[in-house]
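# Structural features, examined
One-letter residues, chain by chain:
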Amino acid sequence: MIWYTVLVLAVAAERVAELAVARRNARWSLARGAVERGRGHYPPMVVLHTGLLVGCLAEVALAGRPFVPALGWTMLAVLVAAQALRWWCIRTLGPRWNTRVLVVPGLPLVTGGPYRLLRHPNYVAVVAEGVALPLVHGAWLTALVFTVLDAALLTVRIRCENGALRTAVTGARP
């Protein structure tokens, strides 16, 4: 369990790094006229993602979930791929990437990198990580609960983001 705790803490550290990037990028966006949308769903998103990390460790410790090599190693590979996809998104969007919905008016949609393949590749990374991180060590209940709650949250988030992008690109009303 020690190595799994280290893994979960590494993912938590990665989240802290993301927040630092997001804060820097928020300053860039706000200086260029961005307006935040969807503030209401952001706190539940923070709670849900924090709960994922806590749930992974708690379920393994309290329910005695074993490490099953075939599942664990496969899910570790999925987790690493999800992290790579997330940072590809961050790199492609550059200063436009954020954990909040901040869109600079008048800028065209990004269509390079993973965005040439998918409209919301960062959320593919989120979904993959939400399944893979718990299942690395058999925390199936955490994976299930996170996935269900995240599906509801992503429905709201993607609708909000699409509306903000549409408004910023076309000048239409939200």
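Our subject is the structure listed above.
Residues numbered from 1 in each chain as written. Predicted model: local features only at pLDDT ≥ 70, side-chain atom pairs only at ≥ 80, totals over all residues. Heavy atoms only, no water.

## Points about the environment of V35
To keep things clear, this is the line we draw: Labels follow the DSSP assignment, with helices taken as runs of H or I lasting at least four residues and strands as runs of E lasting at least two, numbered in each case from the N terminus. Two residues qualify as a contact provided that any one of their heavy atoms is within 4.5 Å of a heavy atom in the partner residue.
Tracing the sequence through the fold places V35 in strand 1 (residues 35-37). Spatially, the C-alpha atom of V35 lies 8.3 Å from that of V101, the residues being 66 residues apart in sequence. Here V35 is in contact with V101, L102 and V103, once residues within four sequence places are set aside.

## Observations regarding the packing of helix 3 (residues 69-93) against helix 4 (residues 121-135)
The axes of two packed helices give the description: the angle between them and the distance between them. Going by this rule: Where helices are involved, their axes are fitted lines through C-alpha atoms of the stretch in contact, as for all axes, and angles between N-to-C directions lie from 0 to 180°. Each angle is binned into one of four classes, with values under 35 degrees roughly parallel, values over 145 roughly antiparallel, values of 65 to 115 roughly perpendicular, and all other values oblique. Take the far helix as your reference; a near helix turned counterclockwise from it by less than a right angle gives a left-handed crossing, and one turned clockwise gives a right-handed crossing. In this classification, Asp, Glu, Lys and Arg are treated as charged, Ala, Val, Leu, Ile, Met, Phe, Trp, Tyr, Cys and Pro as nonpolar, and every other residue, Gly included, as polar.
Interhelical geometry of helix 3 versus helix 4 gives an angle of 155° and a closest axis separation of 8 Å. Judged by the angle between their axes, helix 3 and helix 4 are roughly antiparallel. Both helix 3 and helix 4 take part in a crossing whose hand is left-handed. Facing helix 3, whose interface residues are L71, G72, M75, V78, L79, A82, Q83, L85, R86 and C89, helix 4 presents P121, N122, V124, A125, V126, A128, E129, A132, L133 and L135. Grouping the amino acids of the contact of helix 3 with helix 4 by side-chain chemistry returns 15 nonpolar, three polar and two charged.

## A look at the nonpolar core
In summary, soluble globular proteins display a tendency toward joint burial of nonpolar side chains. Short version of the rule: Throughout, nonpolar core names a set of buried Ala, Val, Leu, Ile, Met, Phe, Trp, Tyr and Cys residues whose side chains join them through atoms within 4.5 Å. Classification of residues uses two cut-offs on accessible area relative to the type maximum, computed with a 1.4 Å probe and protein chains only: under 20% is buried, over 50% is exposed, and between them is partly exposed.
In terms of nonpolar packing, the biggest core is built from 24 residues, with Y4, L7, V8, C56, L79 and L133 touching the most fellow members. Of all the elements in the fold, those that place two or more residues in this core are helix 1 (2-31), helix 2 (42-63), helix 3, helix 4 and helix 5 (140-170). Ranked by the residues each element gives to this core, the list is headed by helix 2, at seven residues. The residues contacting C56, other than those within four sequence positions of it, are Y4, V8, L133, P134, A139 and T142.

## Notes on helix 2
An α-helical segment advances 3.6 residues per turn. Residues three or four places apart therefore align on the same side. Counted only if it meets this: Under the convention used throughout, the expected extent of a helix is 1.5 Å for every residue step, that is, one less than its residue count. Note on bend: at a given residue it equals the angle between the axes fitted to the 7 residues ending there and to the 7 starting there.
With 22 residues, helix 2 extends 30 Å between its outermost C-alpha atoms, agreeing within 8% with the 32 Å of an ideal straight helix rising 1.5 Å per residue. The sharpest bend along helix 2 measures roughly 25° and falls at V54. Those residues of helix 2 that sit buried are Y42, M45, L48, H49, L52, L53, G55, C56, E59 and V60.

## Notes on the pattern of salt bridges
Let me state the cut-off plainly: The term salt bridge refers to a pairing of a side-chain nitrogen on Lys or Arg with a carboxyl oxygen on Asp or Glu at a separation within 4 Å.
Going through the model one piece at a time under the given rule, you end up with nine salt bridges. In this structure, E36 and R39 form a salt bridge, with 3.1 Å as the shortest nitrogen-oxygen distance. For E36, a relative accessible area of 18% translates into the label buried. The partner of R157 in a salt bridge is E161, with the nearest N and O atoms 3.8 Å apart. Placement of both R157 and E161 in helix 5 is noted, with a separation of four residues, approximately one turn of the helix.

## Brief notes about the environment of T147
Tracing the backbone through its elements, the reader meets T147 in helix 5. In this structure, the C-alpha to C-alpha distance between T147 and G130, residues 17 residues apart in sequence, is 6.4 Å.

Functional significance is not addressed by these values, which are geometric in nature.
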